[in-house]
Amino acid sequence: MRLADAVLDACLCDVDAPLAGDPARDFGLDKLQGQQALAALRPWLNERQRMLWANRREALLLVLQGPDCSGKDSLIRRVLNAFDPQGLSIHDFHQPSAEEQRQHFLLRYRQRLPGPGLLGVFNRSHYEALICDPLDGLCSADELPGRLHELRAFEAEWPARHLHPLKCYLHISRDEQRLRLLSRLQRPEKRWKLHPSDLQAYREFDLRQARWSALLAASHTAAAPWYVIPAEQRWLRDWLVASLLARELERLDLSWPDNPPPFSAADLL
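Being a predicted model, the structure only gives us computed values, none of them experimental. (Residues numbered from 1 in each chain as written. Predicted model: local features only at pLDDT ≥ 70, side-chain atom pairs only at ≥ 80, totals over all residues. Heavy atoms only, no water.)

Description of the packing of helix 2 (residues 31-55) against helix 12 (residues 234-251)
Each pair of packed helices can be described by the angle between their axes along with the distance between the axes.
Turning to step 1, where the next piece is worked out: Taken N-terminus to C-terminus, the directions of helix 2 and helix 12 make an angle of 30°; their axes are 9 Å apart at the nearest point. Put simply, helix 2 runs roughly parallel to helix 12. Considering the relative orientation of helix 2 and helix 12, their crossing is left-handed. From helix 2, K31, Q33, G34, Q35, A37, L38, L41, W44, L45 and R48 reach across to helix 12, where they touch W235, D238, W239, A242, S243, L245, A246, L249 and E250.
Turning to step 2, where the next piece is worked out: The residue inventory of the contact of helix 2 with helix 12, partitioned by class, reads eleven nonpolar, four polar and four charged. (Axes fitted to C-alpha atoms, helices over the stretch in contact; angles between N-to-C directions. Helix = DSSP H or I, 4+ residues; strand = E, 2+ residues; numbered from the N terminus. Parallel < 35°, antiparallel > 145°, perpendicular 65-115°, else oblique. Left-handed = near helix turned anticlockwise from the far one by under 90°. Contact = heavy atoms within 4.5 Å. Nonpolar A, V, L, I, M, F, W, Y, C, P; charged D, E, K, R; others polar.)

Given below as C-alpha cells:
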C-alpha cells in the first residue's frame with residue numbers, strides 16, 4: 001500500500017541542494033499502480049487516524065508549502081478525504097490581515113496548532129513569514145535572521161506537546177507552473193482562484209525558489225525534517241504524501257484505548 005522507506009527517504013531534503021531534484025521524476029512507478037495503492041491505503045489511514053483521535057495523546061501536523069499551482073489544495077482534497085473530519089484541523093494561511101500584522105508574526109500559527117488527537121494541516125505556514133512577508137513589504141531583510149531563530153525555537157517546542165511535524169515542499173518547475181496557470185485561465189471552475197499576485201509570483205519564480213532553497217536548508221532538522229515532493233505527477237505527489245502520513249502513524253504504534261468501561265452490560269437491564 002504505502003511506498004517503501006527507500007522511496008520516501010529519497011525525498012528528504014538535501015541541504016546542499018534542496019531543489020536540485022527533478023520535479024517530474026517518478027521513481028520508476030506508474031500511475032495506475034499509484035492510484036490503486038492509494039485507494040487501498042485509504043481505509044488503513046482512516047482507522048489509524050480514528051485511533052489517534054480516540055487516544056487524544058499525540059498530534060500530527062502536515063505542513064504544505066510550494067509555489068502557486070503546486071497542488072496544495074488538490075492534495076488536501078485527494079489525500080485527506082481518507083480521514084474522519086472530526087479529527088482534522090485544516091488552516092489556509094494567506095497574507096496576514098491588518099490586525100495580524102500588528103501581532104507577533106508567529107501568533108496566528110501558534111493559535112492554530114493541532115491539539116491532542118488531531119491531524120492538523122497548514123496550507124502554507126509560518127515559513128511564509130520569511131519568504132512572502134519581505135517580498136510584500138511586511139518586514140525588512142534585517143529581521144529575517146531573528147525570525148528564523150524564532151521559527152526554529154517555535155518548532156523546538158513541539159516535542160513537549162507530543163506534536164509530530166511532517167513538512168512537505170511540493171516541487172514544480174517554472175514551465176509546469178506556467179502550464180497550470182494557463183489551464184486556470186481557460187477553466188471557469190479554476191479561474192476564480194487566480195489573483196493578480198499569481199502573475200507577480202510567476203515572474204519572480206526563480207527568485208522565490210532560490211529563497212525557498214536557502215530556507216529549506218536552514219530549517220531542515222532531524223526533529224522536523226523537510227521532504228521535497230516531486231509534484232508534477234499529481235498521482236505520485238498524492239501517493240508520496242499519503243505514504244509519509246502512513247509512516248508517521250505507524251511510528252506512533254497506535255491501538256484502540258483499553259479504558260475500563262464506565263458501566264456494565266448488567267447496568268443496561
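There is more to say, and it comes next.
Considerations on helix 10 (residues 196-203)
Turning to step 1, where the next piece is worked out: Among the residues making up helix 10, those that are buried are D198, A201 and Y202. Buried residues of helix 10, viewed axially, fall in a sector of 100°; they line one side. Turned more than 90 degrees away from the buried face of helix 10, the exposed residues are P196 and R203.
Turning to step 2, where the next piece is worked out: In this structure, the buried residues of helix 10 make contact with helix 8 (174-186) and helix 11 (205-219). (Buried < 20%, exposed > 50% of the residue type's maximum accessible area, 1.4 Å probe, protein only. Arc of directions from axis to C-beta.)

What about the sheet that holds strand 3 (residues 119-123)?
Turning to step 1, where the next piece is worked out: Read across the open sheet, the five strands follow the order 2-3-1-4-5; overall the sheet is parallel. Only two strands of the sheet have a single partner each, and these edge strands are strand 2 (88-92) and strand 5 (226-230). The mean angle between the axes of side-by-side strands here comes to 20°, regardless of whether they run parallel or antiparallel.
Turning to step 2, where the next piece is worked out: Each of strand 1 (59-65), strand 3, strand 4 (163-171) and strand 5 is contacted by helix 12, which is oriented at about 150° to strand 5, the strand it contacts most. (Pairing = 2+ DSSP bridges.)

Digging into the side chain of S89
Turning to step 1, where the next piece is worked out: Mapped onto the elements of the fold, S89 is located in strand 2.
Turning to step 2, where the next piece is worked out: Among all residues touching S89, those that are not within four sequence positions of it are R112, L118, L119, G120 and V121.

A few points about the nonpolar core
Turning to step 1, where the next piece is worked out: Among the nonpolar cores identified, the biggest contains 43 residues, and L45, L62, L80, F83, C168 and I229 are the most heavily contacted of them.
Turning to step 2, where the next piece is worked out: Only helix 1 (5-9), helix 2, strand 1, helix 3 (72-79), strand 3, strand 4, strand 5 and helix 12 provide two or more residues apiece to this core.
Turning to step 3, where the next piece is worked out: When residues of this core are assigned to their parent elements, the largest contribution, ten residues, is made by helix 12.
Turning to step 4, where the next piece is worked out: Not counting chain neighbours up to four residues away, the residues in contact with I229 comprise C11, C168, Y169, L170, H171, R237, L240, V241 and L244.
Turning to step 5, where the next piece is worked out: Counting residues in each nonpolar core, the second largest holds 25 residues, with C13, F122, L163 and L216 among its members. (Core = buried A, V, L, I, M, F, W, Y, C linked by side-chain atoms within 4.5 Å.)

A few points about the packing of aromatic side chains
Turning to step 1, where the next piece is worked out: Applying the stated criterion across every chain yields a total of six aromatic pairs.
Turning to step 2, where the next piece is worked out: Taking 5.3 Å as the distance between ring centres and 80° as the angle between the ring planes, the aromatic pair formed by F154 and W158 counts as edge-to-face. Each member of the pair, F154 together with W158, is buried.
Turning to step 3, where the next piece is worked out: Over the aromatic face of W53 sits the side chain of R56, whose NZ or CZ is 3.6 Å from the ring centroid. (Phe/Tyr/Trp six-rings, centres within 6.5 Å; stacked < 30°, edge-to-face > 60°. Lys NZ or Arg CZ within 6 Å of the ring centre and 35° of its normal.)

Things to note about the UniProt feature "domain: Polyphosphate kinase-2-related" (unreviewed entry) in the protein
Turning to step 1, where the next piece is worked out: The UniProt entry lists residues 29-250 under the feature "domain: Polyphosphate kinase-2-related" (unreviewed entry), expressed in the numbering used here.
Turning to step 2, where the next piece is worked out: Helix makes up 54% of residues 29-250 and strand 14%. Its end C-alpha atoms lie 23 Å apart. (UniProt positions renumbered as here; feature names shortened; annotations may be inferred.)

A look at helix 3
Turning to step 1, where the next piece is worked out: If you check which residues of helix 3 are buried, you get K72, S74, L75, I76 and V79.
Turning to step 2, where the next piece is worked out: In the core, the buried residues of helix 3 are packed alongside strand 1, strand 2, strand 3, strand 4 and helix 12.

Examining the layout of surface pockets
Turning to step 1, where the next piece is worked out: Quantified by volume, the largest pocket comes out at close to 1,100 Å³.
Turning to step 2, where the next piece is worked out: Contributing elements (two or more residues each) for the lining of the largest pocket: helix 3, helix 6 (128-135), helix 8, helix 10, helix 11 and helix 12.
Turning to step 3, where the next piece is worked out: When grouped by side-chain class, the residues that make up the lining of the largest pocket number eleven nonpolar, 14 polar and 21 charged. (1 Å grid on protein atoms, 1.4 Å probe; cavity = no way out; pocket = protein on both sides within 12 Å on 5 of 7 lines; lining within 4 Å. Points joined across faces, edges and corners; volume = space filled by probe spheres on them.)

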